[in-house]
Every structure is written in C-alpha cells, then in structure tokens.
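Structural overview
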Amino acid sequence: MTSNTTVVPLRQPDEVDDALTAILRSGARRLLAQAVEAEAEAFLATMREMRLPDGRERLVRHGLGPERLMQTGIGPVAVRRVKLRDRGAGPNSERVRFTSSILPRWARRTPSLDALLPVLYLRGVSMGDFQEALGALLGKEAPNLSPSVIGRLRDTWQADYARWQRRDLAARRYVYIWADGIYLQARMEPQAECMLVLIGATPEGRKELLGFQVGVRESAQSWRELLVDLKARGLAIAPELATGDGALGFWKALEEVWPTTRHQRCTVHKTANVLDKLPKSVQPAAKADLREVWMAPDRTTAAAAIETFAGKYAAKYEKAVTCLLKDRNALLTFYEFPAEHWDHLRTSNPIESVFATVRHRTVRTKGALSQDTARLMVFKLVMAAAKTWRKLKGENQLPKVIQGVTFRDGVEVINTPAQDAA
C-alpha cells in the first residue's frame, strides 16, 4: 500500500535549476571545442611542409590539456586545450609552438567578463562583495573570483595601464584625431578635473585610444602635457585634422605642439551651445536650420545656410547667432576632406558614444572613488569598447589625405596639364 504525501520540497535559495542555462552552457562547450579543434587543424595545415629527415611530419597532435573552467557571461564552461608536439625541436632548432587565440593558455575568464568587473567597481560594489555579485550573475559555483583574486586582477589592470601610457609611438601615425574632456560626475572626488581623451584614426582607418589622462577640460596646460607626452614617445607626424568642442583649451595646446593640424569644431557640441541660447519654443526650428548647414552638399551652400540662420534669428537672439558665427570657418573644415569621411569628421561622437555607456553605468553611483581608481576602471571599459569600434568609411581615401591631395567639397581636385603649366 502506497501513501500519498502533500509535502512539497522547496528549492533552496542557492540552488540553480535553469534548464535553458544548462542547454546554453552545453552548446557553448561543444561550439568552443569545435572552434579550438578547427583552429589547431588550420595551424597544422600551414605546417605540413615542415618534415623530419625521415619524411615524417614534424608537428603532430598530442592529445588535450586538462579540463578547466572558463568564466563566461552564462556561467562556467568546461574547456580543454588542444596540444601539439614538435618532434623536430632540438638544441639547434627552435621549438614550434601553437597558441590558441580563442583559448589562451592561462585564460580563466572571457574578455566580456573582464569588462564586467570594472563596471561593478564603478557602480559601487566593493572588493569584498564581488564574489556575491558575480555569483548572482554567473551562478554560485563560479570559482576564481575571491577578493584576493579580484585584487590581483586590479593590479594587472594597473600594470596594463602603465605599459599603455609608456608605449612607444615612433612607428605610429594618426590621420585624424578627436578630442574631448569627459566629466563622469560619479564616484570621483568633487573637483573640477575630468578625463581628457584622444582617439586617433590610423592610415588603415582603424580607431584607437590615443591619449587618456585626468586633467582640467578647459586647461590648455593639461592638454599641452598630454600632447607633449605623445610627441616625446615618438608621435612625430602631426595629424591632418583634429575635431573637438570649441570650448576646449585643447586648441591652444594643439597650435603649439602640432601647428599644421587643421581644426574642425564639433557640430553636435555647436548645435547644443547655440540652442542653449534660444527659448525652448524656438529650438526645434533652429535645430532643423542648423542641420541645413552641417548637411549641405558643399561649402558654398553651407555658408549660405549660416547667413540664412543669422538673418532669421539675429534680431531677437543675437547671442545664439554670435555663438554660431564665431567658429564659422572651423565648423566647415570637413569640406576640405573626402566626402566619405564627413560623417566621422563633423563631430567628436567617437568619444561621446563610448563614454555615454560609461556615464550610464556610473551616473547613479554614490560614494567617492579616488581619481586613480576611476581612471583605471574607465580605461579598462574604454579598451574593451575599442574592440568593437568600426573602421572609417572610405579608408581607401586615407592614403590620398596623407599624401596631401587637395579635396574641394569632398571631391579630389585633379589638375590638368594646362593648369599645372599655368
């Protein structure tokens, strides 16, 4: 005779019973194993011609490494590293080694998880609370995330930042740069200092974090120190164009350090500054009128749109018109560069878009954070974001810009033999 029971076992708070997460982890494990296998086979294929004296292949499979847990955004995933053996290595020959780019030898966390840690720190999570916070995200079984491990990881970040600040720039060149001073207003000491940021575009069209330090946004001295340091580390060739807010002391410093670099005022900042001097009821129409300037197909049309704006608003809103006219020439410099680059050059949004995420993550955080720690954590977030930055459109035009080819209204000026003779 069987007895019925109405006792229902309750799930304990620490238990995880999520079939979907289990499926995701299982699938991730299989995909990761397949990717690592494919990477190893591709490496072996490039080494097929390397042979031993008796004709056998020099590089062969040598099993798998021990299983280890990789911390990911869906929790720990078990992985094993493919091992290869170099049968021809000896005293007189260098050993051929295989290093997986997908699964580095000592990796224990995915890059996305490393980016999560500074986010938590900036949001006010203390070192002692990291394990609890990450356990809630990754599961209670998540290892290797104790306060001491997190502390060592922070020390590693500090070393990364120090190396980055000392990196040799002698072989680097940046065609365009964007400058801005960013106030995070979260967990930083209540002073007038901010993050001074420079992003550069390489001749291949890639965007890179070029300069980053704490300074005073409007201070020419702070910007001068940053630019002089870059030049001292080998960045000898001046950028062709710099884009930034007109209020920055950056422009004075740029004139001293790289006087040949042309200036482009950020149209997004200028729009905000002009609208700030207008009543809210007028702002939508004025914003549309300003857009007619920035989006004009050529410089002549843009200049005419500026005059139209001035004639329309000068009688009642002189300050707004003065704000626009004082940077008239610097607002239209982008017409002297390839049209494919205009979207990139008109604004310092490459910086604003990166720090919008950082601001969103930090703005509601309470409590003071030292400037050194804030700089370090923001640096890690920006470097993580840099991996997703898109290349410039029309990168094939960059060599022409470097060579000094003249562009008028975004189009290359081609001189005829008669013009050259004249």
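Residue positions are given per chain, counting from 1 as you read along its sequence in written order. pLDDT decides what is reported in this predicted model: residues at 70 or higher carry local features, side-chain atom pairs at 80 or more are listed and counted, and totals for whole chains, interfaces and linings draw on all residues regardless. Excluded from the side-chain calculations are hydrogens and water; all other atoms, namely the structure's heavy atoms, are used.

Each helix and strand counted, the protein chain has 16 helices and eleven strands in total. Using a 1.4 Å probe on the protein chains alone, a residue whose accessible area is under 20% of its type maximum counts as buried, one over 50% counts as exposed, and one in between counts as partly exposed. The buried share among the 422 residues of the protein chain stands at 45%. Whether two residues are in contact is decided by their heavy atoms: any pair within 4.5 Å suffices. Sequence-distant contacts in the protein chain: of pairs separated by 6 or more residues, those separated by 24 or more amount to 66%. As displayed, the protein chain offers around 23000 Å² of accessible surface, 52% of which is attributable to carbon and sulfur atoms. The way it works is that DSSP assigns letters per residue, a run of H or I at least four long becomes a helix, a run of E at least two long becomes a strand, and they are numbered from the N terminus. To be clear on the numbers: accessible area is Shrake-Rupley with a 1.4 Å probe, and residue cover counts the displayed protein chains and nothing else.

Our next topic: the confidence of the model for the protein chain. Detailed reading of the predicted coordinates is not advisable wherever pLDDT falls low. Per-residue confidence from the predictor is reported as pLDDT, a score between 0 and 100. Residues of the protein chain with pLDDT of at least 70 account for 66%, and the chain-wide mean is 78. Confidence drops under a pLDDT of 50 for residues 11-17, and excluding neighbours within four residues, the segment shows two contacts in the predicted structure.

Our focus in this paragraph is the nonpolar core. Membership of the largest hydrophobic core comes to 52 residues, with the highest contact counts inside it found for Tyr-176, Leu-209 and Phe-212. If near-sequence neighbours (up to four positions away) are discounted, Tyr-176 is found in contact with Ile-199, Gly-200, Ala-201, Leu-241, Phe-337, Pro-338, His-341, Leu-345, Leu-392, Leu-398 and Val-401. The next biggest cluster of nonpolar side chains, apart from the first, holds 22 residues, and it includes Leu-196, Leu-230, Ala-242 and Trp-251. The nonpolar core is taken to be a set of buried Ala, Val, Leu, Ile, Met, Phe, Trp, Tyr and Cys residues, with the residues joined through side-chain atoms within 4.5 Å.

The subject of this paragraph is helix H5 (residues 220-232). One less than the number of residues in a helix, times 1.5 Å, gives the span that helix is expected to have. Taking 1.5 Å of rise per residue, the 13 residues of H5 would be expected to cover 18 Å, and the 18 Å separating its terminal C-alpha atoms lies within 8% of that figure. Looking only at H5, the buried set comprises Ala-220, Ser-222, Trp-223, Arg-224, Leu-226, Leu-227 and Leu-230. Taken together, the buried residues of H5 touch strand S5 (176-182), strand S6 (194-201), strand S7 (207-215) and helix H6 (250-257). Distance and chemistry together define a polar contact, namely a pair of N or O atoms within 3.5 Å, with one atom able to donate a hydrogen and the other to accept it when in protein, and with adjacent residues in sequence counting only for side-chain atoms on both sides. The N-cap residue of H5 is Ser-219: its side-chain oxygen and the backbone nitrogen of Gln-221 are 3.2 Å apart. Phi turns positive, to about 115 degrees, at Gly-234, one or two residues after H5.

Pairing of aromatic rings covers Phe, Tyr and the six-membered ring of Trp, with a centre-to-centre limit of 6.5 Å; geometry is then stacked below 30 degrees between planes, edge-to-face above 60, and tilted otherwise. Taken as a whole, this structure holds twelve aromatic pairs when the rule is applied. Seen from their ring centres, Trp-223 and Phe-250 are 5.1 Å apart, and the 70 degrees between their planes marks the pair as edge-to-face. One end of the pair, Trp-223, is in helix H5; the other, Phe-250, is in helix H6, with 27 residues separating them in the sequence. Accessibility assignment for this pair places Trp-223 and Phe-250 in one class, buried. Here Phe-309 and Tyr-313 contribute two aromatic rings whose centre-to-centre distance is 4.5 Å and whose plane-to-plane angle is 40 degrees, an arrangement assigned as tilted. In this pair, Phe-309 and Tyr-313 are both assigned in helix H9 (residues 299-313), four residues apart and thus about one turn of the helix distant. Each member of the pair Phe-309 and Tyr-313 is classed as buried. Following the ring pairs from residue to residue traces out a cluster consisting of Tyr-161, Trp-164, Phe-212 and Phe-379. Charge over a ring is defined by NZ of Lys or CZ of Arg lying within 6 Å of the ring centre and within 35 degrees of the ring normal. A cation sits over an aromatic face here: Arg-265 above Trp-251, 4.5 Å from the ring centre. When the ring centre of Phe-334 is taken as origin, the NZ or CZ atom of Arg-346, which lies over that ring, is 5.3 Å away.

Let us now look at helix H8 (residues 283-294). Its twelve residues give H8 an end-to-end C-alpha distance of 16 Å, which sits within 8% of 16 Å, the value for a rise of 1.5 Å per residue. Residues of H8 that are buried: Ala-286, Asp-289, Leu-290, Val-293 and Trp-294. Down the axis of H8, the smallest arc covering the buried residues is 145 degrees, so these residues share one side. Facing away from the buried side of H8 by more than 90 degrees, the exposed set consists of Pro-284, Arg-291 and Glu-292. On its buried face, H8 sits against helix H7 (267-275), H9, helix H10 (318-325) and helix H11 (328-331). Summarising the geometry, the arc corresponds to the directions from the helix axis toward the C-beta atoms.

Turning next to unusual backbone geometry. Positive phi, close to 55 degrees, is recorded for Asp-409, a residue that is not glycine. Locating Asp-409 in the fold gives a position in the loop between strand S10 (407-408) and strand S11 (411-412). Taking relative accessible area as the criterion, Asp-409 reaches 25% and is therefore assigned partly exposed.

Attention now goes to the pattern of salt bridges. A pair is scored as a salt bridge if a Lys or Arg side-chain nitrogen falls within 4 Å of a carboxyl oxygen belonging to Asp or Glu. A full pass over the atoms with the stated rule returns 19 salt bridges. Residues Asp-54 and Arg-56 are paired through a salt bridge, measuring 2.8 Å at the closest nitrogen-oxygen approach. For Arg-233, the salt bridge is made with Asp-229, and the minimal N-O distance between the two is 2.9 Å. Judged by its relative accessible area of 13%, Arg-233 falls in the buried class. A cluster of three or more residues bridged by salt bridges with shared partners is formed by Arg-262, Arg-299 and Glu-336.

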